[in-house]
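Close look at the chain arrangement
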Amino acid sequence: MWSGDELDLDAYLARIGYDAGRGGELRPDLATLTALHRAHVLAVPFENLDVALGREVPLDLKSLQAKLVDRCRGGYCYEHNSLFAAALERIGFTVAGRGARNRSRGPALTPVTHALLVVTVEGEPWLADVGFGWQGPLEPVPLRDGARVEQDGWTFGIGVEDEGVHVLRALRPQGWTDLYAFAPQALYPGDFTVLNHYSSSHPLSRFLGQVVAQQPGTDTRRALVRDTLSTLRPDGAAEERVVAVDDLITVLEADFGIELDAEERAGLERLHPSSA
């Protein structure tokens, strides 16, 4: 389903810094899922740079591996979770896709544009999402009503609404806030392709025409949108600063670990608001 047999698993594990020798044999169990999820999230950044540059965003495994594994680039949800699904499938996990409505920007009813995974371990479903950017979980979240997990000071919970819709929530100093909501309908790689087409090309997509790079972390989470770099800590402390065009590439490469070539650097600098 997810082309796991085509994945260079050793290269992927090296990319995310997962030491299979130290961690023991890779098994389709919760310990392995948790370790892989955390390693992927902390190693591979969320970014939309190909979309911002007007490029196509292929989701075939060969392209994903070349970009996110071999080149040390990042990607957005369809890329991250397609690659992660391939790795999990290769190890023997049962993986299904889901499509979610983003609620992190407020109460407006948004279309289904976010892709995530549900992984079944010993008969129990777990939300696995390595592609939601700086607000996403570090580790899988049990997919049951009322579930609450604390991950390095960041707390996430699951609620269930009408028609079996699940909601991923984050606990902030001001209380619980919804991140996204998704129905139980399974999605497949072809469905990710359709959602990807909208997000990478539709005029209303928030990913067009601006630089987005995000990285969840244990003690600090970072997000760069256009020229504003935001940081957030578990206690709710937040900071913002404007990134000048001369500092843009340094921030992308040093703060987010994104590998860029000369053409990409020049193109991204042209997108900076000060260059408009």
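Up top you'll find the structure we're talking about.
Sequence order as written defines the numbering, with residues in each chain counted from 1. Whole-chain, interface and lining totals are the exception, using all residues; otherwise, since this is a predicted model, local features are given only for residues with pLDDT of at least 70 and side-chain atom pairs are given and counted only at 80 or more. Side-chain metrics in this entry use all non-hydrogen atoms of the structure; hydrogen atoms and water are not considered.

On to the packing of aromatic side chains. Ring geometry is summarised as follows: Phe, Tyr and Trp rings, the Trp one being its six-membered ring, pair when their centres sit within 6.5 Å, and such pairs are stacked at plane angles under 30 degrees, edge-to-face over 60 and tilted between the two. Taken as a whole and assessed by the stated rule, the structure comprises 6 aromatic pairs. Consider the rings of tyrosine 76 and tyrosine 78, whose centres lie 5.0 Å apart with planes at 85°: the pair is edge-to-face. Side by side, tyrosine 76 and tyrosine 78 carry an identical accessibility label, which is buried. Centroid distance tyrosine 76 to phenylalanine 207: 5.2 Å. Interplanar angle 80°. Geometry classified as edge-to-face. Here the residue tyrosine 76 occupies a position in the loop between helix H5 (61–70) and helix H6 (77–91), and phenylalanine 207 occupies one in the loop between helix H7 (189–201) and strand S10 (212–215), the gap between them amounting to 131 residues. Each member of the aromatic cluster is reached from another via a ring pair, and the members are Phe46, Tyr76, Tyr78 and Phe207. Charge-over-ring placement is defined geometrically: NZ (Lys) or CZ (Arg) within 6 Å of the ring centre, and within 35 degrees of the ring normal. The aromatic ring of tryptophan 154 is capped on one face by arginine 221, whose charged end is 4.4 Å from the ring centroid. Only protein chains enter the accessibility calculation, which uses a 1.4 Å probe; a residue is then buried when its area is under 20% of its type maximum, exposed when over 50%, and partly exposed in between. Secondary structure elements are taken from DSSP: a helix is a run of H or I of four residues or more, a strand is a run of E of two residues or more, and numbering for both begins at the N terminus.

Let us look at the pairing of strand S4 (residues 124–128). A pair of strands counts as paired when DSSP detects no fewer than two bridges linking them. The pairing of strand S3 (residues 112–121) with S4 spans 5 bridges and is classified as antiparallel. Residue pairing in the sheet places valine 119 in a bridge with tryptophan 126 of S4. In textbook terms, the turn of a hairpin is the stretch between consecutive antiparallel strands, and for S3 and S4 this stretch comprises 2 residues, one of which, glutamate 122, has a positive phi near 50°.

All right, on to H6 then. In a regular helix each residue adds 1.5 Å, so 15 residues correspond to 21 Å; H6 covers 21 Å between its end C-alpha atoms and thus fits that length. For H6, the buried fraction is high: 13 of the 15 residues fall into the buried class. Looking one or two residues beyond H6, the residue adopting positive phi is glycine 92, at roughly 120°. Multiply 1.5 Å by the residue count of a helix minus one, and that product is the helix's expected span.

Further remarks concern the layout of surface pockets. Only protein atoms enter the calculation, which uses a 1 Å grid: trapped sets of points that fit a 1.4 Å probe without letting it out are cavities, open sets showing protein on both sides within 12 Å along at least five of seven lines are pockets, and any residue with an atom within 4 Å of a point is a lining residue. Grid points are joined across faces, edges and corners, and a volume is the space filled by probe spheres set on the points. Of the voids in this model, the largest pocket is the one considered here, and its volume is about 730 Å³. Lining of the largest pocket is provided by 29 residues; of these, Asn102, Ser104, Arg105, Arg206 and Phe207 occupy positions nearest its centre. Of all elements in the fold, only H6, S3, H7, S10 and strand S11 (221–225) reach the threshold of two or more residues within the lining of the largest pocket. Residues are grouped as follows: Ala, Val, Leu, Ile, Met, Phe, Trp, Tyr, Cys and Pro are nonpolar; Asp, Glu, Lys and Arg are charged; all remaining types, including Gly, are polar. Its residues placed into classes, the lining of the largest pocket shows 14 nonpolar, 13 polar and 2 charged.

Bringing empty space enclosed by the protein into the picture now. Scanning the entire structure with this criterion turns up 1 cavity of 30 Å³ or more. For the largest cavity, the calculated volume is near 60 Å³. Residue lining of the largest cavity: 13 residues in total, with Val41, Val130, Phe132, Gly133 and Pro216 positioned closest to the centre. Residue classes in the lining of the largest cavity are distributed as 8 nonpolar, 4 polar and 1 charged.

With that out of the way, let us pick up the packing of H6 against H7. Every axis corresponds to a line fitted to the C-alpha atoms, with the helix fit spanning only the stretch in contact, and the corresponding angles, defined between N-to-C directions, vary from 0 to 180 degrees. Orientation of H6 relative to H7, taken along the N-to-C sense of each, is 155°, at an axis distance of 10 Å. Considering the angle they form, H6 stands roughly antiparallel to H7. Read as a crossing pair, H6 and H7 show a hand that is left-handed. Listed contacts from H7 to Tyr78, Asn81 and Ser82 of H6 are Phe192, Leu195, Asn196 and Ser199. Its residues placed into classes, the contact of H6 with H7 shows 3 nonpolar, 4 polar and no charged. By definition in this entry, angles of less than 35 degrees are roughly parallel, angles greater than 145 are roughly antiparallel, angles of 65 to 115 are roughly perpendicular, and the rest are oblique. With the far helix as reference, a near helix turned anticlockwise by less than a right angle produces a left-handed crossing, and one turned clockwise produces a right-handed crossing. Whether two residues are in contact is decided by their heavy atoms, any of which lying within 4.5 Å being enough.

The strand order across the open sheet formed by 5 strands is S1-S10-S11-S12-S13, and the pairing between neighbours is antiparallel. If you trace the sheet from one side to the other, it starts and ends with strand S1 (46–47) and strand S13 (238–242), each paired once. In the sheet, S1 pairs with S10 via 2 bridges, with the strands oriented antiparallel. Residue pairing for S10: phenylalanine 46 is matched across the bridge by glutamine 214. Where helix H8 (residues 245–255) meets the sheet, it contacts S10, S11, strand S12 (228–232) and S13, and its direction lies at approximately 150° from that of S11.

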